[in-house]
Amino acid sequence: MSASSGSSGGSASRMSTSSSGGAAASVVTRPPKIGTSAPRPDGVPKVRGQFAFSSDLWAEGMLWGHTLRSPHPRARIKAIDISGAYQIAGVVAVLTHEDVPGRKIFGLEHPDQPVLASDEVRYQGEPIAIVAADHPEAAKRAADAIQVSYEPLPPVCDPEVAITAPDIHPDGNIFTHRFIRKGDLSATGDVVVEGSYEVGRQDQAFMGVESGMALPCEDGGVELFISTQWLHADQAQIAACLALPEDKVRLTLSGVGGAFGAREDVSLQIHLCMLALETRRPVKMIYNREESFYGHVHRHPAKLWYRHHATHEGKLVKVEARIVLDGGAYASTTNAVLTNAICFSAGPYFVPNCEIEGYGVRTNNLPSGAMRGFGAVQSCYGHESQMDKLAQALSLSPAELRLHNALKPGDALLTGQTISGTAPVRELIESLDTHPLPADGLAGATSHAATSPDPATAKPGPAAPSTAPTHVTAQADMSLPGGAGRTADTTRVKRGVGFAVSIKNLMFAEGFDDYSTASCLLQGDSAVVKSACAEVGQGFVTLAQQIAQEVLGIDDVMLAPIDTAIGSAGSSSASRQTWMSGGAVMKACEAVRTEVLAKVSDRFDVAAELLECSDGRVRSMDGEIDLSLTEATQGEDVFCEVVYRHAPTMPLDENGQGDAHVSFAFAAHRAVVDVDLDLGLLRVIEIATTQDVGKVLNPIQAVGQIEGGIAQGVGLAVMEDLMLSEGKVQNASFTDYLIPTALDMPEVAIVELIEEPEPGAPFGAKGIGEPPAISSLPAVAAAVRNATGLELPRVPIRPEDIALASQSLTSQS
C-alpha cells in the first residue's frame, strides 16, 4: 500500500508559502472534511521541491554559525584559548560559557545541561564554543582554531555500573528510580518463564538536519525561525539563558524535515540567539549529518529482565521486571520515558499481581530522550518476547495466549487505573490472527497460530509442517535475503512468523498541566485558524482545516503562521496533537459558531438550537431563515480563542499506583521473514497490522503514519544501531548507521483499523503515529526466532547473531 496514493489527485487547493516554510498560510477551497483523505496543503510543494525548510532560510547580511564540540566522552576542561579563531578572516564573534548572559544550564524537564561546557564535558560532541563568521567555511575553520586543554577522565558508559559508580554530575547518576507494585507480591504461577533482553540505541534519523536562523530585534529581543516540536518550551529555555523576558524571545516554526522526538529538546536554539544578539546581525546554523548525531537525543538503550508467572490454562498470575534505561549525560525526558516503560511493562494484558522496578541512569554516553513510542518500545520488546516463551511452555499459539489475557474496558492496569475508554485488544488479535499469510508462506499452514519453537532446544532445519519454518521455494533471486548475488543456498533459507501486541498512552501524564491554545477568526464566509501546534510532518495542518470546515460548515479556511504569538499548544509528541490541538481548534470553532447562531437568534427571535451552519450559510430547520455567513454576522468579524485541557490525571504514588493517564491506544502486528541461516541475512516479507484508532479523520494520512511507524520498528529490529565504544560514536553517518530504504521495506497489510470512538476525544479519534513503531519491532524479532530457533535476546539482530549461532547449532547436531 502506498502512503501517497491519491494525495494530490483532484485537489482544488491553493496555498501561499512564506520564506519560513512551516509558517506558511494556506487556503483550501471546497476540500473534503472529517473522515476523508483531504490532501495536505504542503504536499505538492514538498514533492516539487518548492517547500521552504528551515535549512532554506536566508536574510540580508546573514552570518553563519558553527559549534566546537568535545572529542572526549568525559574530560576536565583546563583552559580555552579563543585567540586563534579571531585570526581567521571573516570571523565576527567567538563565544564560550563566560558569554552566556543568563542561566548557564537548560533542559526540557530539568535544567542540568550546560549551554556551553565550562569545567567538564560529559559526552562526546558536547558544545564548548560557538562562532559566527561571514562564510560557513570560515566559521568552521575558526572553531577548529580554538585551543582547548583537556584532562581526559575515565568515562562511565555502562548504566548498570553507573548506578553505583561515583557521581559524574552534581545531580548524581540516577535520574529516576521507580517501582510499580500491585496485588500479592508473593503470588506464583504453575508455569514460570524468565528472560533478559537488550534494546540498542536508535536514532530518529530525520531527513532534515538541525537548522535555523536568529535575528536581533530593535527592542533588545530576538526572533528565531526554527524547526522544533515545541515552540513554547524552547522559548522558555532560551529566555532563561538569555536573561530576557519570554515576550522578547519570539519563535516562528520553519519547515520541519521530520522530528520523531529528537526536536523536543533544545539543540542550536540558544546558540543561535546568543550569536545574533552579540553580533546584532542575522545568524544561521545548519548541522551536517555527523554533527546531527551528536546534536540531538536518541532512543534510550535498555536492559530488561522479566519473570512471568501463569496458570496451566494460560492466565497470567504475576509479572516481575527490572528495566534499566541509559539516559546518557543529561536528563532530557528520561524520567517520563522510564515511567512509560514501567507502566506498560506487562503489555496489553490483565495482570493481577506485579513487581516492577525501573532505573533511568546517567552515563557518559550521548544523551537519550524522546523518540516515537517513548519507553513503550523497549518494554514491548521485553514483554512480547516473554509472551512467546510462555506460549511455548504452555503449548499454546502466540495468539491463543494473548487472547486468554487481553485487556478490556473496566480492567485495571498495573498502576491500578481502570480502563474507562475503549480497549479492543481481543478484536485486534482475532482480526489479525485470521488474516491469510502471504504467498510462499508456511507449507501446510493457513495461520501463524502455531506453537513457537523453544529457543533453548530448537535447531535450524525442517520441522513439523504446522509449527515450524520451512524451506523457501519458488522464490525470485532478488527477493532472497542478500539479493541475487549467488550467495544464498535456498535450502538454508527459512521462513518465520511472529506476532506482537502493544499498548501506549496518549497525551502527557501524571498530573502534568497538559493544554493547547487555538483561535478562530471568522471573516464573512472564510476563517483563519491559529495554533502553535508544530507541524513536523504528522499532518496537523490538514487536520486543522478539516476540523474548522466540519464545525463551521465552510470551505475556505486559512492557517495562520505557527508561532509564539498565541499560547502554547504543547509538544507535537505523545500522540497528543489530534486530541489536544485538534480539540482546541474544534472548541474555538464551536465558540465562533455559537456566537454566529446567537446573533441570528437575537435578530429573528428564533431559538439558536433550531439554527445550523452548513455550506457556508446559516439556516433554520423550518427553512424560513437562509443567510450567508456575511449576512448572518452583518459583516462583522467573529473571533474566539480557547484553551483546551483533557481530563485531569494524577502522579503515581510510591508503589506506582494512580490514575496517571488519560487514554490508551493498542495495535497488533504480525511479521513474516525469510532468513538465510548461513549468511545471517534476513528479509522482512510482510508486516500485517490491526490498530485501535478511535475514528479515522484522514484515511490517507492514517496509512502514512502506520507505514512510517512500521519502517522505524523494522529498522530497530534488524539494522538501526548507533554504536558507542567507551562513549565514542562509531557510526555517525548514513553510510554506517543504516535505516530501511524502499527496498528494505516489507509489504504492509493494514488488515483492519478498528473504529470505536474514544469518549472525550474530539470526534472520538485517537492518535495513530506511535503504535506502529512499538509492536512491529517484537513481531519481527519473534519471526526471526521462529525461523532460526535461536534465543536472540538483543535488537537489532545482527547477521553474526544468526550465522554464528546457527553454525554452532548445526555442528552440535
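Residues numbered from 1 in each chain as written. Predicted model: local features only at pLDDT ≥ 70, side-chain atom pairs only at ≥ 80, totals over all residues. Heavy atoms only, no water.

Observations concerning the packing of aromatic side chains
A full pass over the atoms with the stated rule returns nine aromatic pairs. When the ring of tryptophan 230 is compared with that of phenylalanine 508, the centres are 5.7 Å apart and the planes differ by 25°; the resulting orientation is stacked. With tryptophan 230 in the loop between strand 14 (222-226) and helix 4 (231-242) and phenylalanine 508 in the loop between strand 20 (493-506) and strand 21 (515-523), the pair connects residues that are 278 residues apart, well separated along the chain. Here the aromatic rings of tryptophan 230 and phenylalanine 512 are separated by 6.5 Å at their centres, their planes lie at 70°, and the arrangement is edge-to-face. (Phe/Tyr/Trp six-rings, centres within 6.5 Å; stacked < 30°, edge-to-face > 60°. Helix = DSSP H or I, 4+ residues; strand = E, 2+ residues; numbered from the N terminus.)

Considerations on the packing of helix 14 (residues 699-718) against helix 16 (residues 776-788)
Two elements in contact, helix 14 and helix 16, have axes separated by 8 Å at closest approach and are oriented at 45°. One way to sum up the angle between helix 14 and helix 16 is to call them oblique. For the element pair helix 14 and helix 16, the recorded crossing hand is right-handed. Residues Gly709, Ile710, Gly713, Val714, Leu716, Ala717 and Val718 of helix 14 lie in contact with helix 16, whose contacting residues are Ser776, Leu777 and Val780. Of the residues that constitute the contact of helix 14 with helix 16, the class distribution is seven nonpolar, three polar and no charged. (Axes fitted to C-alpha atoms, helices over the stretch in contact; angles between N-to-C directions. Parallel < 35°, antiparallel > 145°, perpendicular 65-115°, else oblique. Left-handed = near helix turned anticlockwise from the far one by under 90°. Contact = heavy atoms within 4.5 Å. Nonpolar A, V, L, I, M, F, W, Y, C, P; charged D, E, K, R; others polar.)

Brief notes about the packing of helix 4 against helix 5 (residues 269-279)
Where helix 4 meets helix 5, the axes come as close as 10 Å, and the angle between the chain directions of the two elements is 45°. In this view, helix 4 runs oblique relative to helix 5, as classed from their interaxial angle. By crossing handedness, the relation of helix 4 to helix 5 is classed as right-handed. Residues Asp234, Gln237, Ile238, Cys241 and Leu242 of helix 4 lie in contact with helix 5, whose contacting residues are Gln269, Ile270, Cys273, Met274 and Leu277. Partitioned by chemical class, the residues of the contact of helix 4 with helix 5 number seven nonpolar, two polar and one charged.

Regarding the environment of histidine 308
Relative to the elements of secondary structure, histidine 308 occurs in strand 17 (residues 302-310). Residue class for histidine 308 comes out buried when judged on its relative accessible area of 0%. There is a polar contact of 3.2 Å between the side chain of histidine 308 and the side chain of glutamine 386. (Buried < 20%, exposed > 50% of the residue type's maximum accessible area, 1.4 Å probe, protein only. Polar contact = N/O pair within 3.5 Å; in protein donor to acceptor, adjacent residues only side chain to side chain.)

Observations concerning the nonpolar core
Counting residues in each nonpolar core, the largest one holds 94 residues, and the members touching the most others are Phe666, Val780 and Val784. Ignoring sequence-local partners within four residues, the contact set of valine 780 consists of Ala671, Val673, Val684, Ile687, Val714, Ala717 and Val718. Ranked by size, the runner-up nonpolar core spans 89 residues in total, among them Leu116, Ile238, Ile566 and Leu627. (Core = buried A, V, L, I, M, F, W, Y, C linked by side-chain atoms within 4.5 Å.)

Brief notes about the confidence of the model for the chain
Chain-level pLDDT for the chain is 91 on average; 91% of the residues reach the 70-or-more range. Across residues 1-32, where pLDDT falls below 50, the model places 83 contacts with residues more than four positions away in sequence or in other chains. Contacts of residues 441-475 to residues separated by more than four positions or lying in other chains number 81 contacts, the stretch itself having pLDDT below 50. (pLDDT = per-residue confidence, 0-100.)

Here we look at the pattern of salt bridges
Within the structure shown, the criterion is met by 39 salt bridges. Linking glutamate 151 and arginine 76 is a salt bridge whose minimum nitrogen-to-oxygen distance equals 3.2 Å. Of this pair, glutamate 151 sits in strand 10 (residues 147-152) while arginine 76 is found in strand 4 (residues 75-81), placing the two residues 75 residues apart along the sequence. Classification of glutamate 151 by relative accessible area gives partly exposed; the value is 34%. Where arginine 178 meets glutamate 510, a salt bridge forms, and the shortest distance between an N and an O atom there is 2.7 Å. Of this pair, arginine 178 sits in strand 11 (residues 174-182) while glutamate 510 is found in the loop between strand 20 and strand 21, placing the two residues 332 residues apart along the sequence. Linked by salt bridges that have partners in common, Arg40, Asp42, Lys46 and Glu535 make up one network. (Salt bridge = Lys/Arg side-chain N within 4 Å of Asp/Glu carboxyl O.)

Thoughts on the pairing of strand 13 (residues 211-216)
Successive residues of a regular strand alternate their side chains across the two faces of the sheet. Examined bridge by bridge, strand 13 and strand 16 (residues 283-286) share four bridges and lie antiparallel to one another. When the bridges of strand 16 are listed, methionine 213 appears paired with lysine 284. Here five bridges tie strand 13 to strand 14, and the two strands are oriented antiparallel to one another. Among the inter-strand pairings, methionine 213 is bridged to a residue of strand 14, identified as phenylalanine 225. Where strand 13 folds back onto strand 14 in an antiparallel hairpin, the turn is made up of five residues, including glycine 220, whose phi is positive at roughly 90°. (Pairing = 2+ DSSP bridges.)

What about the sheet that holds strand 18 (residues 316-328)?
As summarised here, the arrangement of the six strands in space is 11-19-18-17-12-33, forming an open sheet in which the pairing is mixed. On the outer flanks of this sheet lie strand 11 and strand 33 (794-795), each paired with one strand and no other. Two strands pair when backbone bridges link them, and strand 11 and strand 19 (residues 353-362) are joined in this way by eight bridges, in the antiparallel orientation. By the bridge assignment, phenylalanine 179 is partnered in strand 19 with glutamate 357. Relative to strand 12 (residues 191-199), helix 8 (residues 376-394) is tilted by about 145°, and along the sheet it contacts strand 12, strand 17, strand 18 and strand 33.

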